[in-house]
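# Descriptive analysis of the structure
Listed below are the residues making up each chain.
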Amino acid sequence: MIEHFKKFDLGDKTLLPLSFSHLNEFAFQRDRWALKRIFEFEFPSSAAAERGKAVESGLNMWLNGIDKKEAIDKMFDEFHANCKLFDDPKTDEEEYNLIPLFEEGVKAFNEFGFKWNLLGYQKKVELDISGIPLIGYTDFHFEDKQTKEDFYIDLKTTKRKPTGLSMSHAMQQSIYHRGTNANQKLWYLIANKSGAKFESMSLTDYDSPMKVCEHIISVMGKYLESVNSKEDVKNSIIPNPDDWIWRDTAVLEARKEVWGY
């Protein structure tokens, strides 16, 4: 099956190794997947994405002993530097969320972290699923001081309280579990008008979401077997004009360039 994934290789451009976002986009936003992976469009980040990365980075600095004020200052510097690369009307709103989210993260780590040793951050994970290579990057790697069990915390920042563990996040957790052979925890830092809140979730069944991942890879292989050119891809996918992804001007313009509408 892997030969179908290599069909569109050209120079440094390749579909492999896959990533969680690659699987997720192919399964649930195939038009955006095609624009990025086949037609080679590169889209700018967003203030929301940079908010999450900056908060994680700030907390990592603080966990590694950097003074809290310095960690906050560097968090803001990182956010501003990255947001200068694109124009997002929500930049000011997301900047406002940085400190509440950071403080809520500090509070959560202070409550639980005294029991743990920090082992690492942003570890590269490599694995195969159905013979197809994947890579990913974990967030925080800890060891329980008493039991010596190691585990990972995937930190998510959001403005909406999760109603439960989504299949998308469960798939990501199952991939990291297989790649590290360690338990995964999911922490949500939730920004709201009154500040921020914290919520923790854990996946107890890694097998079911992994079956979804395996199915997506199987379907992706069959799809790639059926197409041989960019023209084939264009003619086999119908973009949904009502999808929220087209709110991004760059993505909308790419859609019009490929499909003409």
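Scroll up to find the structure this text is about.
For the structure given in this document, a descriptive report is provided here. (Residues numbered from 1 in each chain as written. Predicted model: local features only at pLDDT ≥ 70, side-chain atom pairs only at ≥ 80, totals over all residues. Heavy atoms only, no water.)

## Examining the pattern of salt bridges
Worth spelling out the cut-off: Any Lys or Arg side-chain nitrogen found within 4 Å of a carboxyl oxygen on Asp or Glu counts as a salt bridge. Under the scheme used here, helices are H or I runs from DSSP no shorter than 4 residues and strands are E runs no shorter than 2 residues, and both carry numbers assigned from the N terminus. Buried residues are those whose accessible area, probed at 1.4 Å on protein chains only, stays under 20% of the maximum for their type, while exposed residues exceed 50% and partly exposed ones sit between those limits.
Counted by the stated rule, this structure contains 13 salt bridges. In this structure, arginine 37 and glutamate 25 form a salt bridge, with 4.0 Å as the shortest nitrogen-oxygen distance. Here arginine 37, found in helix α3 (residues 30–37), pairs with glutamate 25, found in helix α2 (residues 20–28); they are 12 residues apart in sequence, far enough to count as distant. For glutamate 25, a relative accessible area of 9% corresponds to the buried category. When salt bridges that share partners are traced, they join Glu25, Arg32, Lys36 and Arg37 into one network.

## So, the side chain of serine 174
The following threshold applies: Contacts are assigned to residue pairs that have any heavy atoms within 4.5 Å of one another.
Considering the arrangement of structural elements, one finds serine 174 in helix α7 (residues 167–180). Take serine 174: its relative accessible area is 2%, and that puts it in the buried class. Excluding its chain neighbours within four sequence positions, the residues that come into contact with serine 174 are Leu203, Tyr206, Pro209, Met210 and Cys213.

## Quick word on the nonpolar core
This is how it is decided: To define a nonpolar core, start from buried Ala, Val, Leu, Ile, Met, Phe, Trp, Tyr and Cys residues and group those joined through side-chain atoms within 4.5 Å.
Grouped together as the largest cluster of nonpolar side chains are 39 residues, with contacts concentrated most on Leu18, Leu23, Leu35, Ile175 and Val233. Taken together, the elements giving at least two residues each to this core come down to α2, α3, β2 (124–129), β3 (132–137), α7, α8 (207–226) and α10 (249–259). Apart from residues lying up to four places away in sequence, valine 233 is in contact with Phe8, Ala34, Ile38, Phe39, Tyr223 and Val227. Counting 29 residues, the second largest nonpolar core, distinct from the first, contains Trp116, Phe140, Ile153 and Leu189.

## Comments concerning the side chain of serine 57
Within the element layout of this structure, serine 57 appears in helix α4 (residues 47–63). Apart from the residues within four sequence positions on either side, serine 57 is in contact with Glu78 and Tyr121.

## Describing the sheet that holds strand β7 (residues 195–202)
The line we're drawing: When DSSP finds at least two bridges between two strands, those strands are taken to pair. Helix axes use the C-alpha atoms of the stretch in contact, all axes being lines fitted to C-alpha atoms, and the angles between their N-to-C directions lie in the range 0 to 180 degrees.
Strand order across the open sheet formed by five strands is β1-β4-β5-β6-β7, with mixed pairing between neighbours. Each having just a single partner strand, β1 (116–121) and β7 make up the two edges of the open sheet. Each strand axis lies, on average, 30° off the axis of its neighbour in the sheet, ignoring direction. Here helix α6 (residues 91–112) sits on the sheet in contact with β1, β4 (140–144), β5 (150–158), β6 (183–192) and β7, set at roughly 140° to β6. On top of the sheet, α7 reaches β5 and β6; it is set at about 145° to β6, its chief contact.

## What to know about unusual backbone geometry
In this model, leucine 16 is joined to proline 17 through a cis peptide bond whose omega is -5°. Within the secondary structure layout, proline 17 lies in the loop between α1 (2–5) and α2. With a phi close to 65°, glutamate 40 is a non-glycine residue in the positive phi region. Mapping glutamate 40 onto the fold places it in the loop between α3 and α4. Phi at asparagine 181 is positive, roughly 55°, even though this residue is not glycine. With respect to the helices and strands, asparagine 181 occurs in the loop between α7 and β6. When its relative accessible area of 67% is taken as the criterion, asparagine 181 is described as exposed.

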